[in-house]
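Chain by chain, the residues:
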Amino acid sequence: MTKKKKAFSPIQLVVATLNFLVKWMPGTVGRIVFYLFCHPKKKTVKPAERNFLATSDLTIEEVNGRKYAVYHWGFRGPVALLVHGWESQSGRWRKAVPVLLKAGYQVIAVDAPAHGRSDGGRFTMLEYAGIIKFLLQKNMPVDLVIGHSVGASSVTWALGTIGEGLRPRKAILLAPFSSLSYTIEKSRKALKISDAVIQAMERRMKKLFNLVPQDIDLTVKAQVLENVETLIIHDKGDNVTSWRESEKLHAAWPGSRLIVTENFGHGLTAPEVYEMIGDFAKREERVW
């Protein structure tokens with residue numbers, strides 16, 4: 001009996017088409033691939049997350065012509081700023097906020113560009129870092145910033161490109177990557193995207209931001225952040241971003257501490273992680 005050929009998935013068909021067309025239409029292909037890399041899907045907010053967000057004081061901040069949802073809990077104590085990851089929203093912090101309030105913080109969380117209640121259809125790490133810097137300045141002094149995944153990497157870029165006086169005293173990075181090139185190369189291999197297509201996308205990025213992925217190296221930014229007491233947490237079984245990325249960032253960040261967990265996955269929402277966050281938030285000085 002003859003075996004049926006496995007059908008191509010829609011994404012495989014798109015990639016195969018782009019790989020074919022790039023020789024004749026590099027500019028168009030570059031724009032399409034840049035769009036695909038920067039276009040998150042808005043996921044349904046879970047009822048528990050929606051109920052949690054309803055307990056906040058919601059404001060809309062306008063930055064560079066785009067509107068961003070900013071949530072606020074508590075109005076006394078030092079400020080903690082929370083920054084979520086790709087295709088997420090501020091509801092993901094529903095277990096972290098009570099821990100931080102108990103530790104004496106007031107808490108601010110922001111929906112990223114093209115996420116949650118914020119405007120837009122495009123997300124880039126550079127634009128996210130710009131919102132983080134805006135909030136650090138508006139709410140100064142921010143004592144603690146916590147980021148997850150691309151949010152953690154955006155935090156690192158923001159801290160490395162803002163004045164020392166605006167940097168928070170502490171930072172917690174959950175499952176960050178150490179360079180934009182890492183995420184692009186991982187996607188290239190997984191989807192079998194040709195080098196020519198990636199190069200076309202990079203030319204598009206260069207045109208928009210005067211930067212290419214190789215310029216977004218967070219280990220370089222980390223080297224000047226010795227004044228920010230930093231805890232990095234990453235799970236060994238993370239199938240989205242290798243824990244080795246946090247190892248690289250830790251090696252470059254003077255005085256940082258790295259905790260490698262097991263069986264908590266990329267989300268790092270286990271109770272043990274929130275215990276680590278609470279303990280670190282309460283510390284007044286380095287103990288390592």
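Before going into details, it helps to say that this report is about the structure given with it.

1. Let's talk about the pattern of salt bridges
Here the structure, examined in full by the defined rule, presents 11 salt bridges. Of the charged contacts, one joins Arg-169 and Asp-143 as a salt bridge, the two residues approaching to 2.9 Å between their closest N and O atoms. Within this pair, whereas Arg-169 is found in the loop between helix 6 (150-160) and strand 6 (170-174), its partner Asp-143 is found in strand 5 (residues 142-148), the two being separated by 26 residues in sequence. Classification of Arg-169 as partly exposed rests on a relative accessible area of 31%. Salt-bridge contacts for Glu-185 lead to Lys-189; the nearest nitrogen and oxygen are separated by 4.0 Å. Taken together, the residues Glu-185 and Lys-189, both in helix 7 (residues 180-191) and 4 residues apart, mark about one turn of the helix. Taking the relative accessible area as the measure of exposure, Glu-185 reaches 33% and is therefore partly exposed.

2. Quick notes on the side chain of Arg-92
Within the secondary structure, Arg-92 is located in the loop between strand 3 (79-83) and helix 4 (96-102). Here Arg-92 occupies a buried position and makes no salt bridge, while the nearest side chain of opposite charge, Glu-49, is found at 7.3 Å. Side-chain polar atoms of Arg-92 contact the backbone oxygen of Gly-267, separated by 2.8 Å. Discounting residues that sit within four places of it in the chain, Arg-92 has contacts with Glu-49, His-84, His-148, Gly-267, Thr-269 and Tyr-274.

3. Regarding the pairing of strand 5
Regular strands place side chains that alternate from one sheet face to the opposite one. Across the 7 residues of strand 5, 7 count as buried, placing the element largely inside the fold. Summarising the sheet, strand 3 and strand 5 pair through 5 bridges and their orientation is parallel. Considered in strand 5, the bridge of Leu-82 is made with Ile-146. Pairing analysis gives 5 bridges linking strand 5 to strand 6, with the strands arranged parallel. Across the sheet, the residue bridging to Leu-144 is Lys-170, located in strand 6. You can see the chain leave strand 5, run along helix 6 and come back into strand 6, and the turn it takes is right-handed.

4. Points about a nonpolar patch on the surface
Judged by side-chain polarity, Ile-11, Val-14, Ile-32, Tyr-35, Leu-36 and Leu-191 come together as a nonpolar surface patch covering roughly 500 Å² of accessible area. Where the nonpolar patch is concerned, the elements lending two or more residues are helix 1 (10-21) and helix 2 (26-37). Ranked by the residues each element gives to the nonpolar patch, the list is headed by helix 2, at 3 residues. Within the element layout of this structure, Ile-32 appears in helix 2.

Cut-offs and rules
- All residue numbers refer to positions counted from 1 along the written sequence of the respective chain.
- Note on the predicted model: pLDDT of at least 70 is required for a residue's local features to be given, and 80 or more for side-chain atom pairs to be given and counted; whole-chain, interface and lining totals, by contrast, use all residues.
- Each side-chain value is derived from all of the structure's non-hydrogen atoms; neither hydrogens nor water enter the calculation.
- Salt bridges, as used here, are contacts in which a Lys or Arg side-chain nitrogen is within 4 Å of a carboxyl oxygen on Asp or Glu.
- Starting at the N terminus, helices and strands are each numbered in turn, a helix being any DSSP run of H or I of at least four residues and a strand any DSSP run of E of at least two.
- The buried label applies to any residue whose accessible area, calculated with a 1.4 Å probe on protein chains only, is under 20% of its type's maximum; exposed applies above 50%, and partly exposed to all values in between.
- Think of it this way: Lys and Arg go in the positive column, Asp and Glu in the negative one, and His and the chain ends go nowhere.
- Residues adjacent in sequence count toward polar contacts only when both atoms are side-chain atoms; beyond that, a polar contact is any pair of N or O atoms within 3.5 Å, and within protein one must be able to donate a hydrogen and the other to accept it.
- In this description, contact between two residues means that some pair of their heavy atoms is separated by no more than 4.5 Å.
- Two strands are said to pair when DSSP picks up at least two bridges between them.
- The handedness of a crossover follows from its direction of travel: if, with the strands pointing away from the viewer, the path from the first strand over the helix to the second runs clockwise, the crossover is right-handed.
- To count toward a patch, a residue needs a relative accessible area above 30% and no salt bridge. Like charges then connect within 9 Å, nonpolar side chains (Val, Leu, Ile, Met, Phe, Trp, Tyr) within 5 Å.
- Only the protein chains shown count as cover for residues, and the accessible areas themselves come from Shrake-Rupley with a 1.4 Å probe.

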